[in-house]
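This is what each chain is made of:
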Amino acid sequence: MLQYLVILLDDAAISYCHYSKSHAKSQPIPLDVLRKGIRFAMTENLMLQFVYPEGELPESVRKEVETIDHSKIMPATSPYAAEADVLVCGWDSLPQSANVPVVLRTTLADFLARYKDIFPLLSVAPRLNVVFTDTESFADEEVSVYKESLSALAGELERLYVNEKSPQLNLLTDRMMLKEMNNCGAGDTNITLAPNGKFYVCPAYCGTGEGIGSLELGLSIPNKQLYKLDHAPLCRHCDAYHCKRCVWLSERLTLEVNTPSRQQCVMAHLERNAARELLSNIRKHGIFLPEMPEIKEIDYLDPFEKRDEWL
Ligand code: SF4
């Protein structure tokens, strides 16, 4: 069931996920499109998330945004960053502290070289989401180095938990706190409205193809069951509950929105296994998340290897 509508406030709205930042020329959303988008969200009872560009927006757009409850996703460098509900940054704009969740977009190589730079932020920001911009290039030779970086981060998180902090890092702490899948939900629980008045499965698809309807013609998601977990033959048997299960990445790498790539699965399983270790290590210091079951030990990194048991 749809729950969220993401509205891009500009053709050059920032990326807060795997897809590349738009290279479109900045062009703010027309006021009538924004108004109709807000009306659509109200009639469908959807929560709104507005995505901002790097630069300024017309005052009329900024005022219209304030006519309804919403969250603001903004670049850390935005002139309005103080109003953000989620800050998006790269290594160059990584804040020293933050009172809202932070999304760090990074290549794997930069992450491996610089992950220790996020240690200070872990203890002060309410949440840090690390999002890889080049998941498709993850190779099996990188398994051990990624594992090492997760282990070092887990060591820091353990230290913080023992010192009575509650850091949240999507790569490690989400899985400890989940009993079921909690994925992105693009095309299922959320859709995106672009400034051209068309709906898309997620911001990654904006500007490509016809989309999934428009404000004028209404919403029309072809084969919409394919975006649901129960129509994802591998994911529905998987327990990497924190995995984004990115449909855009899946379609890009396997040509099917409901068939994940090896890269996505192996990275998510390395994180799952590191979360297992972290949970067990924190529990050596005392009672921790007593309501959560232990995370099982498994002998695979890609659920595709177990397909004969599931399919
Ligand atoms: S790890 Fe792979 S199978 Fe599991 S939820 Fe993620 S994409 Fe689906």
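Right, let's walk through the structure included here. Here the structure is a predicted model, which means the values were calculated and not measured.

**Things to note about helix α7 (residues 247–254)**
Here α7 has its buried residues at Val247, Trp248, Leu249 and Ser250. Each element contacted by the buried residues of α7 is listed here: α8 (262–283). Where α7 terminates, the next one or two residues include leucine 255, which has phi positive at roughly 70°.

**Section: the pattern of salt bridges**
All told, the structure shown has 19 salt bridges when counted by the stated rule. As a salt-bridge pair, aspartate 188 and lysine 228 come within 2.9 Å of each other at their nearest N and O atoms. Of this pair, aspartate 188 sits in the loop between α6 (173–176) and β7 (190–193) while lysine 228 sits in the loop between β10 (218–219) and α7, and the two are 40 residues apart along the sequence. With a closest N to O distance of 3.2 Å, arginine 262 and aspartate 302 form a salt bridge. Residue arginine 262 is found in helix α8, and its partner aspartate 302 is found in the loop between α8 and α9 (307–310); the two are separated by 40 residues along the sequence. The buried category is assigned to aspartate 302, whose relative accessible area is 5%.

**Looking at the side chain of serine 15**
Within the element layout of this structure, serine 15 appears in the loop between β1 (4–8) and α1 (31–43). Of note is the side chain of serine 15, whose polar atom sits 3.2 Å from the backbone nitrogen of cysteine 17. A distance of 3.2 Å separates the side chain of serine 15 from the side chain of arginine 105, its partner in a polar contact. Excluding its chain neighbours within four sequence positions, the residues that come into contact with serine 15 are Ser20, Lys21, Val88 and Arg105.

Rules behind the numbers
Residues numbered from 1 in each chain as written. Predicted model: local features only at pLDDT ≥ 70, side-chain atom pairs only at ≥ 80, totals over all residues. Heavy atoms only, no water. Buried < 20%, exposed > 50% of the residue type's maximum accessible area, 1.4 Å probe, protein only. Helix = DSSP H or I, 4+ residues; strand = E, 2+ residues; numbered from the N terminus. Contact = heavy atoms within 4.5 Å. Salt bridge = Lys/Arg side-chain N within 4 Å of Asp/Glu carboxyl O. Polar contact = N/O pair within 3.5 Å; in protein donor to acceptor, adjacent residues only side chain to side chain.

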